[in-house]
Amino acid sequence: MGILENYREVLENVALAAKDAERKPESVTLVAVTKTHGAEKILPLLKAGHRTFGENRVQEAEKKWPALKAEFPDARLHLIGGLQTNKAKEAVALFDVIESVDRPELAEKLAAEMKKQNRPLPCFVQVNTGEEPQKSGIAPKNAVGFVRECREKYGLNVVGLMCIPPVDDEPAPHFAFLKKLAREAGVRELSMGMSGDYPLAVQQGATFVRVGSAIFGERETPKA
Ligand SMILES: *Cc1c(COP(=O)(O)O)cnc(C)c1O
């Protein structure tokens with residue numbers, strides 16, 4: 001199938017899962033994850049009216065997105081991958097939402113850049129719900145306190161939580177856990193669910209799903 005057919009099928013699945021959960025389909029935003037894919041695969045979605053996209057690396061996004069955003073100024077780009085503090089400046093300049101805030105040094109640096117550039121971007125706190133040592137994300141036990149710190153100490157506009165469940169785990173308990181943490185932290189948005197599990201994530205309350213391969217096909221050089 002082509003990219004547009006895949007895209008429409010994913011939207012349809014999101015809508016069905018939302019209805020299943022007695023939610024409005026518009027309460028879920030599809031973040032089309034374009035990492036590793038070139039402009040020729042992204043343009044059909046932009047031309048079809050899709051506006052929300054995700055990339056996981058600042059340097060890669062800087063190569064393709066400035067030109068795409070010049071052509072489609074209302075496209076919104078989410079940073080969904082781990083961010084080094086020395087890339088905060090470039091990230092704030094290019095992205096519209098930062099989904100991967102996961103430590104105080106980064107929160108502080110992002111807040112300073114947002115102020116300097118006058119771009120107060122919505123942020124998500126990434127939670128390492130599986131407590132995997134190699135994965136970014138704040139430890140669950142520190143998540144609620146960290147959201148408060150981001151808001152009160154650094155003045156970040158934290159709108160929600162994000163997680164990437166361990167590949168070998170059932171995702172459902174991680175989604176439920178993230179929802180519980182979000183309630184405790186007093187944030188509304190939940191970014192959870194990828195190609196393999198986005199309908200389940202929607203049933204469990206996701207307001208953003210991040211879907212790559214189900215739309216664009218398998219990535220040639222997988223980047224986590
Ligand atoms: C690559 C990526 C996705 C999309 O993964 P698919 O399985 O291709 O849908 C979602 N979230 C993050 C953080 C990613 O890095």
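The structure contained in this document is the topic of the report that follows. The structure displayed is predicted, hence computed values, not measured ones.

**Quick word on the pairing of strand 4 (residues 97-101)**
Alright, step 1. Judged by how many residues are buried, strand 4 sits mostly within the fold: 5 of 5 residues are covered.
Alright, step 2. By the bridge criterion, 2 bridges tie strand 3 (residues 76-79) to strand 4 in an arrangement that is parallel. Pairing of leucine 79 across the sheet is with isoleucine 98, part of strand 4.
Alright, step 3. The parallel pair strand 3 and strand 4 is bridged by helix 4 (residues 88-94), and the resulting crossover is right-handed.
Alright, step 4. Across 2 bridges, strand 4 lies against strand 5 (residues 122-126) in parallel orientation. The partner of isoleucine 98 across the bridge, within strand 5, is cysteine 123.
Alright, step 5. Handedness of the strand 4-helix 5 (residues 104-117)-strand 5 crossover: right-handed.

**Observations regarding the side chain of threonine 207**
Alright, step 1. Along the chain, the position of threonine 207 falls in the loop between helix 8 (198-203) and strand 8 (208-211).
Alright, step 2. Excluding anything up to four places from it in sequence, threonine 207 contacts Arg23, Ser27, Val28, Thr29, Arg188, Glu189 and Leu190.

**Observations regarding the site of the ligand**
Alright, step 1. Inspection of the region around the ligand gives 12 residues, with Lys35, Ser195, Gly212, Ser213 and Arg219 positioned closest.
Alright, step 2. The separation between an oxygen atom of the ligand and a polar main-chain atom of glycine 212 is 2.8 Å.
Alright, step 3. Side-chain polar atom of arginine 219 to an oxygen atom of the ligand: 2.8 Å apart, as the coordinates give it.
Alright, step 4. If the ligand stood free it would expose 390 Å²; the protein chains cover 93% of that surface.
Alright, step 5. Residues of the shell around the ligand, tallied by class, amount to 6 nonpolar, 3 polar and 3 charged.

**Here we look at helix 7 (residues 171-185)**
Alright, step 1. For helix 7, which comprises 15 residues, the first-to-last C-alpha distance of 21 Å matches the rise-based estimate of 21 Å (1.5 Å per residue) to within 8%.
Alright, step 2. Three or more residues of helix 7 are buried, namely Pro171, His174, Phe175, Leu178, Leu181, Ala182 and Ala185. Along the axis of helix 7, the buried residues cluster in a sector spanning 125 degrees; they form a single face. Exposed residues lying more than 90 degrees from the buried face of helix 7 are Pro173 and Arg183.
Alright, step 3. Elements that come into contact with the buried residues of helix 7 comprise helix 6 (140-152), strand 6 (157-162), strand 7 (189-191) and helix 8.

Calculation criteria
- Residues numbered from 1 in each chain as written.
- Predicted model: local features only at pLDDT ≥ 70, side-chain atom pairs only at ≥ 80, totals over all residues.
- Heavy atoms only, no water.
- Buried < 20%, exposed > 50% of the residue type's maximum accessible area, 1.4 Å probe, protein only.
- Helix = DSSP H or I, 4+ residues; strand = E, 2+ residues; numbered from the N terminus.
- Pairing = 2+ DSSP bridges.
- Right-handed = clockwise from strand over helix to strand, strands pointing away.
- Contact = heavy atoms within 4.5 Å.
- Near = heavy atom within 4 Å.
- Polar contact = N/O pair within 3.5 Å; in protein donor to acceptor, adjacent residues only side chain to side chain.
- Areas by Shrake-Rupley, 256 points an atom, 1.4 Å probe, with all protein chains shown as cover.
- Nonpolar A, V, L, I, M, F, W, Y, C, P; charged D, E, K, R; others polar.
- Expected span 1.5 Å × (residues − 1).
- Arc of directions from axis to C-beta.

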